[in-house]
Amino acid sequence: MMHKKRNTIQMLATLLSNIHILNFMKGTLYNGKAKMVCVPGLNCYSCPAATGACPIGAYQAVVGSAKYKFSYYILGILIFLGVILGRFICGFLCPFGWFQDLLHKIPTPKLRTKKLKFLRFFKYAILILCVCLLPVLMTNSSGIGAPFFCKYICPQGILEGGIPLSIAREGIRTSLGALFSWKASILICFIGLSIFFYRPFCKWICPLGAFYSLFNKISVYHYQLDQEKCISCGKCSRTCKMDVDITKQTNHAECIRCGDCIKVCPTKAITASWTCKQK
């Protein structure tokens with residue numbers, strides 16, 4: 001079963017998204033043709049090892065340019081991935097998701113987020129405002145808009161790009177300022193939160209997760225619940241770290257297809273399927 005090998009898949013996905021590891025020592029970026037293709041998860045273009053482009057960063061770069069105001073190519077890729085996999089990408093293929101998973105394994109008391117469900121809607125506001133609207137509406141004299149999410153919010157950018165490049169290159173270290181400190185503070189905040197809460201960035205902030213969640217109910221890869229086998233024991237909802245009760249909504253927008261509910265179900269009522277017909 002795929003969920004049994006989840007950690008291995010996450011590790012391989014992160015490696016494939018950042019295959020040029022030697023660039024960390026050089027402090028240079030890979031700029032080959034693969035950078036024209038978006039990877040499925042949140043992975044910074046400015047990471048020295050990055051294989052491809054981050055879909056959020058690439059989209060903002062296009063809509064914020066003076067020449068283009070919309071990217072059918074990038075949006076098409078995102079829709080295709082969403083229709084096929086939904087938030088499976090968050091659970092298995094996103095490097096920053098795996099980073100949070102590893103932090104959460106640190107042995108400390110863990111806190112649930114069920115009472116904080118209202119915060120999950122914040123990521124949709126960030127998707128609409130910071131990713132889609134501000135790069136288009138707030139432009140300079142040349143008609144170019146800033147990538148607001150990448151520049152001011154995304155902690156993955158400072159983790160993969162800002163910190164490694166500043167370590168490798170003295171010129172960058174000497175030019176660090178308030179923006180670097182702000183982004184580093186956001187990263188430190190989510191590192192701390194991730195130790196105690198499960199995937200706080202994915203739940204509350206990530207616009208890519210917000211986009212993929214729109215396709216969870218229709219994605220080809222989905223979960224199914226056999227009502228005849230279900231004994232309403234509640235193990236699945238108590239186990240779910242994303243605060244989803246699969247017995248009430250099989251393909252909830254917050255479900256990242258991690259497979260924990262499948263593992264704990266005593267009657268094997270929950271299954272993963274690639275068929276188009278969903279229950």
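Criteria and cut-off values
Residues numbered from 1 in each chain as written. Predicted model: local features only at pLDDT ≥ 70, side-chain atom pairs only at ≥ 80, totals over all residues. Heavy atoms only, no water. Phe/Tyr/Trp six-rings, centres within 6.5 Å; stacked < 30°, edge-to-face > 60°. Helix = DSSP H or I, 4+ residues; strand = E, 2+ residues; numbered from the N terminus. Buried < 20%, exposed > 50% of the residue type's maximum accessible area, 1.4 Å probe, protein only. Lys NZ or Arg CZ within 6 Å of the ring centre and 35° of its normal. Contact = heavy atoms within 4.5 Å. Polar contact = N/O pair within 3.5 Å; in protein donor to acceptor, adjacent residues only side chain to side chain. pLDDT = per-residue confidence, 0-100. 1 Å grid on protein atoms, 1.4 Å probe; cavity = no way out; pocket = protein on both sides within 12 Å on 5 of 7 lines; lining within 4 Å. Points joined across faces, edges and corners; volume = space filled by probe spheres on them.

Overall, the coordinates contain 11 aromatic pairs when judged by the stated rule. When the ring of Phe88 is compared with that of Tyr221, the centres are 5.0 Å apart and the planes differ by 65°; the resulting orientation is edge-to-face. You can see Phe88 sitting in helix H5 (residues 88-93) and its partner Tyr221 sitting in the loop between helix H13 (207-213) and strand S1 (222-225), a full 133 residues away along the chain. Note on Phe88: relative accessible area 6%, which makes it buried. A centroid spacing of 5.1 Å and a plane angle of 85° characterise the contact between Phe96 and Phe201, whose relative ring orientation is edge-to-face. Here Phe96, found in helix H6 (residues 95-104), pairs with Phe201, found in helix H12 (residues 200-204); they are 105 residues apart in sequence, far enough to count as distant. On the basis of relative accessibility, which here comes to 1%, the residue Phe201 falls in the buried class. Among the aromatic residues, those joined into a ring-pair cluster are Phe88, Phe92, Tyr221, Tyr223 and Trp274. The ring of Tyr198 has Lys241 sitting right over it, with the charged end atom 5.5 Å from the ring centre.

Of note, Lys110 is situated in the loop between H6 and helix H7 (122-137). Put simply, Lys110 and Tyr152 are 42 residues apart on the chain and 29 Å apart in space, counted from C-alpha to C-alpha. Not counting chain neighbours up to four residues away, the residues in contact with Lys110 comprise His104, Ile195 and Phe196. A distance of 3.1 Å separates polar atoms of two side chains, one belonging to Lys110 and the other to Thr108. In this structure the side chain of Lys110 is engaged in a polar contact, spanning 2.7 Å, whose partner is the backbone oxygen of Ile195.

All right, on to the confidence of the model for the protein then. Considering every residue of the protein, the mean pLDDT works out to 92; 96% of them sit at 70 or more. Here helix H10 (residues 170-174) stands out as the least confident element of the protein, with mean pLDDT 85; H12 is the most confident, with 98.

Its volume calculated, the largest pocket comes out at about 500 Å³. As for the largest pocket, its lining consists of 24 residues, of which Cys44, Ser46, Cys150, Lys151 and Lys183 are closest to the centre. For the lining of the largest pocket, the secondary structure elements donating two or more residues are helix H3 (55-63), helix H8 (148-152), helix H9 (155-168) and helix H11 (178-196). Among the elements that line the lining of the largest pocket, the one with the most residues is H9, at five residues.

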